[in-house]
Amino acid sequence: MTVHLEVAEGVGTIRLDRPPMNALDIAVQDRLKELAEEAAGRDDVRAVILYGGEKVFAAGADIKEMQAMDHAAMVVRSRALQDSFSAVARIPKPVVAAVTGYALGGGCELALCADYRIAGENAKLGQPEILLGVIPGAGGTQRLSRLIGPSKAKDLIFTGRMVKADEALALGLVDRVVPADEVYKAAHEWAAKLAQGPAIALRAAKESIDAGLATDLETGLAIERNWFAGLFATEDRERGMRSFVEEGPGKAKFV
């Protein structure tokens, strides 16, 4: 298989495994969707890491495969392409991308589907599709502009240039930079901590933010209000507040 899901102690790692560059061909895209939906539905997965290995995250789509496709074929395939990435973005649990080496084109778009991005000092990110005469097609024009703002996104997409980890951090494209050999460890620490948190509240927070960003403020506030009130029906809310009153903050054990 070109993509694997490994689960341990509440953390699921979706690992790209298509040497040498983890090119995202149709088989990888379809498998990615399958495993994202599996991780979303498994109770033993409380947080997720996206990882391409020690050397490269994903260098982009399989250009040879795409070159052979005509307009009619891509009309059909483009929805499936987006759906595979959206399945990752819709995982109702905290998701962190552990980015090493190249994260270009579809690789960058995959990282954009995570809630948090940790990059190695050797990371290089970008959307070089314009250099092929096309534009990002797996969410890059939408997720990148929402993350770093339209003008910065246009600069990266219009020029197709790569940015190193330090510039990606300054742009807000990644959230943290660590030595290259510590990327997975840092991502696992982030995920493992959240895997011990209140799962329904974390889902509520993620869906409130994501759904709210796609609508107007008043609708977003209504989404937040409904989730907020609904959490008062959960055992985790009872445990969290009881622990706060009896023991102080940060000591609750959630189920």
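Anything mentioned here points back to the structure above.
Here the structure is a predicted model, which means the values were calculated and not measured. (Residues numbered from 1 in each chain as written. Predicted model: local features only at pLDDT ≥ 70, side-chain atom pairs only at ≥ 80, totals over all residues. Heavy atoms only, no water.)

Trainee: Run through the overall build of the protein chain, naming residues and quoting values.
Mentor: From N to C terminus, the protein chain includes 11 helices and 9 strands. Each principal axis of the C-alpha distribution contributes one length, and for the protein chain these read about 65 × 40 × 35 Å. Across the 255 residues that make up the protein chain, the buried fraction comes to 43%. A separation threshold of at least 6 residues defines the contact pool for the protein chain, and within that pool the share at least 24 residues apart is 68%. (Helix = DSSP H or I, 4+ residues; strand = E, 2+ residues; numbered from the N terminus. Buried < 20%, exposed > 50% of the residue type's maximum accessible area, 1.4 Å probe, protein only. Contact = heavy atoms within 4.5 Å.)

Trainee: I'd love a proper account of the packing of aromatic side chains, names of residues and values included.
Mentor: Throughout the structure, instances matching the rule amount to 3 aromatic pairs. Their ring planes at 45° and their centres at 4.8 Å tell us that Tyr51 and Tyr184 sit as a pair that is tilted. One end of the pair, Tyr51, is in strand 3 (residues 47-51); the other, Tyr184, is in helix 8 (residues 183-195), and 133 residues separate them in sequence. By relative accessible area, which is 27% here, Tyr184 ends up partly exposed. (Phe/Tyr/Trp six-rings, centres within 6.5 Å; stacked < 30°, edge-to-face > 60°.)

Trainee: Pulling in residues and values, what's your account of the sheet that holds strand 8 (residues 162-164)?
Mentor: Taken in spatial order, the 3 strands make up an open sheet running 5-7-8, and their pairing is mixed. Single-partner strands in this sheet number two, and they are strand 5 (102-104) and strand 8. On average, adjacent strands in this sheet sit at an angle of 20° to one another, irrespective of strand direction. Across 3 bridges, the pairing between strand 7 (residues 124-126) and strand 8 is antiparallel. Directly across from Leu125, in strand 8, lies its bridge partner Val163. (Pairing = 2+ DSSP bridges. Axes fitted to C-alpha atoms, helices over the stretch in contact; angles between N-to-C directions.)

Trainee: Tell me what's going on with the nonpolar core, and back it up with residues and numbers.
Mentor: With 46 residues, the main nonpolar core has Leu50, Phe57, Leu125 and Leu173 as its most contacted residues. Filtering out sequence-adjacent residues up to four positions away, Leu173 remains in contact with Cys108, Leu112, Arg117, Leu125, Leu144, Leu147, Ile148, Leu156, Val163 and Ala168. Counting residues in each nonpolar core, the second largest holds 13 residues, with Ile49, Val96, Ala98 and Val183 among its members. (Core = buried A, V, L, I, M, F, W, Y, C linked by side-chain atoms within 4.5 Å.)

Trainee: Can you tell me about a negative patch on the surface, naming the residues and giving the values?
Mentor: Residues Glu54, Glu121, Asp181, Glu182 and Glu189 make up a contiguous surface patch of negative charge. Mapped onto the secondary structure, Glu121 falls in the loop between strand 6 (116-120) and strand 7. Here Glu121 falls in the exposed class, since its relative accessible area comes to 57%. (Patch = residues over 30% accessible without salt bridge, like charges linked within 9 Å, V, L, I, M, F, W, Y side chains within 5 Å. Areas by Shrake-Rupley, 256 points an atom, 1.4 Å probe, with all protein chains shown as cover. Salt bridge = Lys/Arg side-chain N within 4 Å of Asp/Glu carboxyl O. Lys, Arg positive; Asp, Glu negative; His and termini not counted. Charge placed at Lys NZ, Arg CZ, Asp CG, Glu CD.)

Trainee: For the state of the cysteines, give the residues involved together with the corresponding values.
Mentor: Within this structure, the stated rule accounts for 0 disulfides. Distance from the sulfur of Cys113, which forms no disulfide, to the nearest cysteine sulfur (Cys108) is 10 Å. (Disulfide = S-S within 2.5 Å.)

Trainee: Before we move on, could you go through the packing of helix 5 (residues 140-148) against helix 6 (residues 150-159) and cite the residues and values that matter?
Mentor: Two elements in contact, helix 5 and helix 6, have axes separated by 7 Å at closest approach and are oriented at 135°. Between helix 5 and helix 6, the crossing angle belongs to the class labelled oblique. For the pair helix 5 and helix 6, the crossing hand works out as right-handed. Mapping the contact onto sequence places Gly140, Thr141, Leu144, Ser145 and Ile148 in helix 5 and Pro150, Lys152, Ala153, Leu156 and Ile157 in helix 6. Here the contact of helix 5 with helix 6 is built from residues that sort into 6 nonpolar, 3 polar and 1 charged. (Parallel < 35°, antiparallel > 145°, perpendicular 65-115°, else oblique. Left-handed = near helix turned anticlockwise from the far one by under 90°. Nonpolar A, V, L, I, M, F, W, Y, C, P; charged D, E, K, R; others polar.)

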